[in-house]
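The residues making up each chain are set out below.
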Amino acid sequence: MSLSISYDSSFDGFLSVVFETYRQRLDVGDIVPERPYDSDVTPSVDLFMQPFHVETNADSASRLRRAVVNMAGEDVLNLLETAFRSEERGVEMKILAYLRVLFSKSDPGFARNPTSSEMLPLFLLARAVRHEAGGMLGMVRFNKAPDGSYIAEIEPKYDILEMIVGHFRGRFPNGRWAIVDVKRCYGAFYDGRHTEILDLPDTDTLSRSIAEKAPPDEFTRMWKSYYDTMAIKERLNPRLLRRCLPVRYWKHLHERQQNLAGPASRPTA
Amino acid sequence: MNLQEKLNILGDAAKYDVSCSSSGSSRGAPKGGLGSGCSAGICHTWSADGRCISLLKVLFSNACKYDCAYCINRRSNDIPRATFTPRELIDLTLEFYRRNYIEGLFLSSAVVGSPDATMEKLVYVAKELRTVHRFGGYIHLKAIPGASPRLLYEAGLYADRSSVNVEIPSDRQLQYLAPEKNYESIFRPMNFLAERKLEYSAGKRSRYTPKFLPAGQSTQMIVGASGESDLQILRLSAGFYHQQRMKRVYFSGYIPVNADKRLPALTTKPPLLREHRLYQADWLMRFYHFGHEEILDESNPNLDPDLDPKAMWALRHPEFFPIDLQTADYEMILRVPGIGVKSAQLIVSGRRFCKIRLEQLKKMGVVLKRAKYFIFNPDVPANLRRLYPEMLRPLLIARPKPAQLDFFSQLQAPSLPAPAQLSIAV
Ligand code: SF4
């Protein structure tokens with residue numbers, strides 16, 4: 001009977017799973033992350049698979065990383081990790097499929113061929129993740145707290161917070177700021193010197209406490225009204241707008257909100 | 001008048017300027033300051049008309065002493081007028097920037113007093129931002145026609161990009177519509193800046209030499225206000241790219257803002273499709289290695305409204321097709337309708353390892369519906385391999401009505417960031 005392997009949803013955790021499948025010659029049927037915020041991904045009980053759990057092991061993860069770098073290169077490892085950040089259902093099995101062919105050493109050209117049937121989906125997935133991370137650089141919206149720090153909430157489709165922190169550190173090296181992923185309940189906190197990644201309480205409390213701490217102010221309202229004036233009415237194009245700026249991002253963009261009166265009017269959940 | 005009202009008036013007055021790109025400058029935050037430049041540019045949001053907003057684009061003042069027929073701010077219009085103080089503008093820029101609303105400032109102005117007096121204000125704001133506030137974000141300054149070289153030069157030291165808008169694609173029409181302007185007055189500042197930038201790039205530089213317009217120049221032309229052909233417009237823009245080394249030439253479909261007998265009637269719809277085709281042609285010149293004379297010539301002076309310029313070119317040149325993706329040059333692959341830059345790169349890097357099948361092409365995002373007529377591939381039925389332009393044309397016209405207007409996104413999102421391209425096997 002093949003195994004349905006669960007792990008803690010981190011990339012190191014996934015690498016540990018791969019490591020164990022080789023060490024123990026496991027018959028893998030599925031690999032399922034234990035992710036608290038993704039209720040729809042909780043493993044459905046599959047009668048034909050036996051549950052199995054792998055603990056994350058930093059040592060086996062780093063050995064696997066080294067193996068990938070040696071055989072395919074740093075950028076391929078990076079690509080796999082980026083694709084992994086998509087958190088797409090089934091991405092683990094896709095990466096495993098790539099690694100299996102890679103480690104079988106059957107085809108010397110395979111490692112770096114972006115168009116192979118194992119690599120192409122990962123390549124495109126990584127591209128989508130990078131694309132969102134790139135777009136998010138512009139879509140983070142900070143509110144100013146009375147103590148002079150700046151706080152932003154984001155809710156990206158993919159887990160990209162750590163990919164964008166460096167950009168903001170380079171841009172605001174002397175300020176104090178935080179960017180919080182309210183869906184995944186963790187944030188990056190910068191105190192003017194160091195960045196810390198911290199886990200936070202559940203989404204609702206989190207959103208409420210941020211809204212209370214740093215409510216919209218006069219500049220938020222000026223921005224909103226500036227935004228509204230910039231549209232040329234003869235050219236209004238809602239479809240184009242939705243394509244460039246997908247609706248799922250609007251919630252955290254002040255300029256797309258109808259009512260900027262105060263924290264009470266914020267859309268919930 | 002409070003700041004919010006000023007911002008609304010002066011933002012509204014600036015919105016017809018198309019350029020909003022924040023690309024071309026790469027810079028870390030200055031010591032003790034804030035703000036950086038990202039060479040790919042970053043869009044921060046999109047307005048309801050689908051245009052990217054990346055910079056705080058405002059006029060310093062809209063109290064113009066000139067009277068250009070096509071402009072909302074002309075002297076003879078009865079509209080509310082406002083002027084910022086430098087302090088207000090600097091505060092707005094910094095506060096918006098810290099909240100990550102914008103990449104920086106795009107400052108333009110109507111001509112108030114004299115060109116020099118106006119330019120002086122713009123330069124002052126940029127200088128304060130850079131030196132006093134140690135601002136490292138993007139600054140785009142408009143060069144006011146008629147401003148003295150000294151001020152233009154100073155602008156180049158603080159701004160990332162500068163622009164002078166031609167607006168009307170021929171000198172005669174420009175003088176007719178804008179009595180105070182002519183090509184001489186527009187090309188002089190353009191050429192001056194282009195030459196200074198060239199000198200700067202050629203000269204000896206140390207780490208301490210101040211940069212001069214690192215993101216170069218751009219300009220804009222209004223399409224559909226006067227009678228020029230697409231060929232004239234493309235020829236002019238090709239000249240800008242080559243002679244003035246422009247980074248971008250923008251097109252702006254004319255929106256009738258004034259009732260004026262020299263211009264199309266107020267009820268005229270902006271020529272969005274034509275503008276779109278011009279951007280496609282411009283795209284071909286900048287990223288697909290096309291020359292403007294390949295796209296249009298005297299016998300075909302206008303772009304085809306039904307067909308994009310790349311397909312138009314391909315149909316006029318059946319002798320080049322079909323091509324073999326396995327062996328063709330990258331430049332040639334780029335010319336296949338339905339294949340874009342990204343897929344062309346993937347094809348070139350992947351074909352060394354294996355044969356490229358139709359299945360993969362589809363996954364890469366190639367539009368097979370179009371491409372299949374132009375490529376030689378074992379998976380393509382043999383009867384498609386001969387190209388008869390007359391038969392193909394109707395097949396390539398996707399939808400009979402000009403419903404393609406929302407293809408803009410590919411064209412108008414030039415500043416979409418492309419974070420570190422993966423260099424896998426390239
Ligand atoms: S000089 Fe500029 S602002 Fe003044 S009317 Fe002409 S185009 Fe408009």
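Residues numbered from 1 in each chain as written. Chains lettered and ligands numbered in written order. Predicted model: local features only at pLDDT ≥ 70, side-chain atom pairs only at ≥ 80, totals over all residues. Heavy atoms only, no water.

Our next topic: the overall build of chain B. Along the backbone of chain B there are 16 helices and 10 strands. Here the analysis covers contacts within chain B between residues at least 6 apart in sequence; of these, 68% occur between residues at least 24 apart. Just so you have it, chain B exposes about 17400 Å², and 55% of that area is on carbon and sulfur atoms. (Helix = DSSP H or I, 4+ residues; strand = E, 2+ residues; numbered from the N terminus. Contact = heavy atoms within 4.5 Å. Areas by Shrake-Rupley, 256 points an atom, 1.4 Å probe, with all protein chains shown as cover.)

The next thing to look at is the domain arrangement of chain B. Entries for chain B in the domain assignment read domain 1 (3-286) and domain 2 (309-396). Taken over C-alpha atoms, the centre of domain 1 of chain B sits 39 Å from the centre of domain 2 of chain B. (Domains from an automatic or database assignment.)

The next point concerns the nonpolar core. Formed by 198 residues in total, the largest nonpolar core has its most connected members in Y98 and I164 of chain A together with Y70, F96 and L361 of chain B. At 11 residues, helix 5 (residues 119-139) of chain A tops the list of elements feeding residues into this core. Beyond its immediate chain neighbours, meaning those up to four positions away, Y70 of chain B contacts E167, I168, L174, L177, A178, K181, I222, Y254, V257, N258 and L263 of chain B. (Core = buried A, V, L, I, M, F, W, Y, C linked by side-chain atoms within 4.5 Å. Buried < 20%, exposed > 50% of the residue type's maximum accessible area, 1.4 Å probe, protein only.)

Moving on, we come to the pairing of strand 8 (residues 248-253) of chain B. All names here are of chain B. In terms of burial, strand 8 is largely enclosed, as six of its six residues are buried. Residues of strand 8 alternate between two faces, with R248, Y250 and S252 on one and V249, F251 and G253 on the opposite face, all of them buried. Where the polypeptide runs from strand 7 (residues 217-223) across helix 7 (residues 230-242) and back to strand 8, its parallel neighbour, the crossover connection is right-handed. (Right-handed = clockwise from strand over helix to strand, strands pointing away.)

Turning next to the sheet that holds strand 5 (residues 138-142) of chain B. Residue and element names in this part refer to chain B. Strand order in the open sheet formed by six strands is 3-4-5-6-7-8, with parallel pairing between adjacent strands. The strands lining the two open edges of the sheet, one partner per strand, are strand 3 (55-59) and strand 8. Pairwise comparison of adjacent strand axes, ignoring direction, gives a mean angle of 20° for this sheet. Bridging between strand 7 and strand 8 involves six bridges; their strand directions are parallel. Within the sheet, the bridge partner assigned to I222 lies in strand 8 and is S252. Sheet strands in contact with helix 8 (residues 272-287) are strand 7 and strand 8, and its direction is about 170° off that of strand 8. (Pairing = 2+ DSSP bridges. Axes fitted to C-alpha atoms, helices over the stretch in contact; angles between N-to-C directions.)

The subject of this paragraph is the site of the ligand. The ligand sits among C64, Y66, C68, C71, R74, A110 and K181 of chain B. Its residues placed into classes, the shell around the ligand shows five nonpolar, no polar and two charged. (Near = heavy atom within 4 Å. Nonpolar A, V, L, I, M, F, W, Y, C, P; charged D, E, K, R; others polar.)

This next bit is on the domain arrangement of chain A. Note on interface size: it is often stated as the accessible area lost on association of the parts. All names here are of chain A. For chain A, the assigned domains are domain 1 (3-132) and domain 2 (136-265). Counting from both sides, the interface comprises 10 residues of domain 1 and, opposite them, 12 residues of domain 2. Counting the surface domain 1 buries against domain 2, the share from its top three residues, Y37, R85 and E132, is 67%. On the surface where domain 1 and domain 2 come into contact, there are two salt bridges. Close ionic contact of R184 with E87 constitutes a salt bridge, the shortest N to O distance being 3.2 Å. Summed over the shared surface of domain 1 and domain 2, the result is six residue pairs in polar contact (both at pLDDT 80 or more). Of all the elements, helix 5 adds the most residues to the side of domain 1 that touches domain 2, at four residues. Among the residues making up the side of domain 1 that touches domain 2, the classes are represented as three nonpolar, two polar and five charged. (Buried area = accessible area lost by both parts, 1.4 Å probe. Salt bridge = Lys/Arg side-chain N within 4 Å of Asp/Glu carboxyl O. Polar contact = N/O pair within 3.5 Å; in protein donor to acceptor, adjacent residues only side chain to side chain.)

A few words on the sheet that holds strand 8 (residues 195-199) of chain A. All names here are of chain A. The five strands lie next to each other as 4-5-6-7-8, forming an open sheet whose pairing is mixed. The sheet is open, and its two borders are formed by strand 4 (142-144) and strand 8, each paired with just one other strand. Put simply, the sheet's adjacent strands are angled 20° from each other on average, direction ignored. In the sheet, strand 4 pairs with strand 5 (residues 150-154) via three bridges, with the strands oriented antiparallel. Bridge pairing in strand 5 links N143 to I151.

Two side chains with opposite charge may pair up if their charged atoms get near one another. Counting across every chain of the model gives 41 salt bridges over all chains. In this structure, K251 of chain A engages E155 of chain A in a salt bridge whose closest nitrogen and oxygen atoms are separated by 3.1 Å. Here K251 of chain A is found in the segment after helix 9 (238-244), whereas its partner E155 of chain A is found in the loop between strand 5 and helix 6 (161-171), with 96 residues between them in sequence. For K251 of chain A, a relative accessible area of 30% puts it in the partly exposed group. Among the residues examined, E155 of chain A registers a relative accessible area of 26% and is labelled partly exposed. The salt bridge involving R274 of chain B is made with D230 of chain B; its shortest N-O contact spans 2.7 Å. Placement of the pair is R274 of chain B in helix 8 and D230 of chain B in helix 7, with a sequence separation of 44 residues. Connected through salt bridges with shared partners, the residues R35, E87, D159, D181 and R184 of chain A form a single ionic network.

Residue and element names in this part refer to chain B. In this structure the tally under the stated criterion is seven cavities of 30 Å³ or more. For the largest cavity, the calculated volume is near 670 Å³. Along the walls of the largest cavity sit 35 residues, with Y70, C71, K142, E167 and K181 positioned nearest its centre. Within the lining of the largest cavity, the residues separate by chemical class into 21 nonpolar, seven polar and seven charged. (1 Å grid on protein atoms, 1.4 Å probe; cavity = no way out; pocket = protein on both sides within 12 Å on 5 of 7 lines; lining within 4 Å. Points joined across faces, edges and corners; volume = space filled by probe spheres on them.)

Now for unusual backbone geometry. Between F321 of chain B and P322 of chain B the backbone carries a cis peptide bond, its omega angle lying at -5°. Looking at the secondary structure, you find P322 of chain B in the loop between helix 10 (309-316) and strand 9 (323-324). One non-glycine residue with positive phi stands out, namely R25 of chain A, at about 50°. Locating R25 of chain A in the fold gives a position in the loop between helix 1 (11-23) and strand 2 (28-33). Unlike most non-glycine residues, E87 of chain A shows phi in positive territory, near 60°. You can see E87 of chain A is positioned in the loop between helix 3 (74-84) and helix 4 (91-104). Among the residues examined, E87 of chain A registers a relative accessible area of 11% and is labelled buried.

Time to look at the packing of aromatic side chains. Per the stated rule, a full pass over the model turns up 27 aromatic pairs over all chains. When the centroid spacing of 6.5 Å and the interplanar angle of 15° are considered together, the rings of F168 of chain A and F172 of chain A count as stacked. The rings of F142, F168, F172, W177 and Y190 of chain A together with Y97 and F135 of chain B are connected pair by pair, giving a single aromatic cluster. Positioned above the aromatic ring of W250 of chain A is the side chain of R256 of chain A, whose terminal nitrogen or guanidinium carbon lies 4.1 Å from the ring centre. Above the ring of F290 of chain B, the side-chain terminus of R335 of chain B is found at 3.8 Å from the ring centroid. (Phe/Tyr/Trp six-rings, centres within 6.5 Å; stacked < 30°, edge-to-face > 60°. Lys NZ or Arg CZ within 6 Å of the ring centre and 35° of its normal.)

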